[in-house]
Every structure is written in C-alpha cells, then in structure tokens.
Amino acid sequence: ANEELKVIREEKNKAYTQTGDTWHDNPYFNEMEQKEGVKTRAIAELVDVRTKSKLIEVKERNIEQVSIGSIVHFQRYAFDDPDKLIKEDVVEISGWGESDIEKKLLSYDCPLGDALYGLGVGDHDVEEKALKGYYVIVELYSDWADVVPLKKKA
C-alpha cells in the first residue's frame, strides 16, 4: 500500500510540474490528489486494524454456541415458507475480514456470520430479512473430521 501511495504521489508531482497549477484546468492532478487521499485513508485504516488486532488461538472449539473457531452446520429456510429449505452448509467461523468461501471460512463480522454468532444447536435467527430467510443451527462440530457430508439435492 505504501508503494502504491508513492507511485500516486509521483504521478501527482508530474501533473503539477507539467502545468504548474494544482487545481485550475488540471484534471489529472485533481484525480491524483483524490487517489492520494483514498490511499492515505486506506493505509491509516490498515494501521489502525493492525494495532488493535489480537491473535486468537482456538485450542478447543465451542460446541455449545457459535463463536470464532466454531464449525457450524446450518440450514436456511424461507420466511414465507418455513418448511422450504433454501440452503444448507457447513462453515468455520473466522476472525475479522477472513471470509473465504472456497475454504469454508466465514468471518464473524459478515452479515451471515453475525446472524449465526452466539446461536446454539436448534437455535434460529429470525431477524435476518436482509439475508432472505432464517437460519437454524443443526450441529456444532469440534473438528472437521467429525463433519458429516451433506446430502446433494436431487
């Protein structure tokens, strides 16, 4: 990110040097100035996140309620038809910003992670209209080796 900021600042300096004007009739300079502001804020946010972050080691997964490190088997049902199963999946709840669908990681702070967080087996969250359904916790596993493969829909 710092290297990208350096490149933007170099381009901004070129734009200024070519016209000798910082804003009047110099759209390229204005563009570079805006990009510099965006990148500077992004770097400040990353530094803030890094300084406030804590490494959480999960030695034993919580099988009582969904928390960071939990392996969660959930089902999503339609609001208008509570018997209509829309989706079923098993995911691991991960830390801030660590969602990776291919690796079955779901960040606790994403909308679905937030909806599941704190629920126990059999609990459901009926408040997630934005997620187009309600979610039921089917099982919490202590290890991925214990996960029962989901049946494919015919």
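Note that the coordinates shown come from a computational prediction; the quantities given were computed from them, not determined experimentally. (Residues numbered from 1 in each chain as written. Predicted model: local features only at pLDDT ≥ 70, side-chain atom pairs only at ≥ 80, totals over all residues. Heavy atoms only, no water.)

A few words on the overall build of the protein. Within the protein, the regular secondary structure consists of 3 helices and 5 strands. Going from N to C terminus, the protein has its helices and strands arranged as α-α-β-β-β-α-β-β. The contacts of the protein with a sequence gap of at least 6 include a subset with a gap of at least 24, amounting to 47%. (Helix = DSSP H or I, 4+ residues; strand = E, 2+ residues; numbered from the N terminus. Contact = heavy atoms within 4.5 Å.)

On to the packing of helix H1 (residues 2-19) against helix H2 (residues 27-52). Direction vectors running N to C along H1 and H2 enclose 160 degrees, while the axes themselves pass 9 Å from each other. Our classification of the angle between H1 and H2 gives roughly antiparallel. Crossing hand, H1 versus H2: left-handed. Packed against H1, whose contacting residues are Asn2, Glu4, Leu5, Ile8, Arg9, Glu11, Lys12, Ala15 and Tyr16, the element H2 presents Tyr28, Phe29, Met32, Glu33, Lys35, Glu36, Lys39, Thr40 and Ile43 at the interface. (Axes fitted to C-alpha atoms, helices over the stretch in contact; angles between N-to-C directions. Parallel < 35°, antiparallel > 145°, perpendicular 65-115°, else oblique. Left-handed = near helix turned anticlockwise from the far one by under 90°.)

A word on the nonpolar core. Among the nonpolar cores identified, the biggest contains 13 residues, and Val66, Val72, Phe74, Leu106, Leu116 and Ile137 are the most heavily contacted of them. Listing elements by their share of this core, those giving two or more residues are strand S1 (71-77), strand S2 (85-94), helix H3 (111-116) and strand S5 (134-141). Top element by residues in this core is S5. It accounts for 3 residues. (Core = buried A, V, L, I, M, F, W, Y, C linked by side-chain atoms within 4.5 Å. Buried < 20%, exposed > 50% of the residue type's maximum accessible area, 1.4 Å probe, protein only.)

It is worth spelling out the pairing of S2 at this point. Pairing of S1 with S2, which is carried by 7 bridges, proceeds in the antiparallel orientation. Pairing of Gln75 across the sheet is with Glu88, part of S2. One ladder, built from 3 bridges, connects S2 with strand S3 (residues 105-107); its direction is parallel. Directly across from Ile93, in S3, lies its bridge partner Leu106. (Pairing = 2+ DSSP bridges.)

Taking 1.5 Å of rise per residue, 18 residues should cover 26 Å, and H1 covers 26 Å from first to last C-alpha, within 8% of that figure. Taken together, the buried residues of H1 touch H2. (Expected span 1.5 Å × (residues − 1).)

The element S1 is extensively covered by neighbouring structure, given that 7 of its 7 residues are classed as buried. Side chains of S1 alternate between two faces, with Ile71, His73, Gln75 and Tyr77 and Val72, Phe74 and Arg76 buried alike. In this structure, S1 lies alongside S5, joined through 7 bridges in antiparallel fashion. Each bridged residue has a counterpart across the sheet, and for Ile71 the counterpart in S5 is Tyr141.

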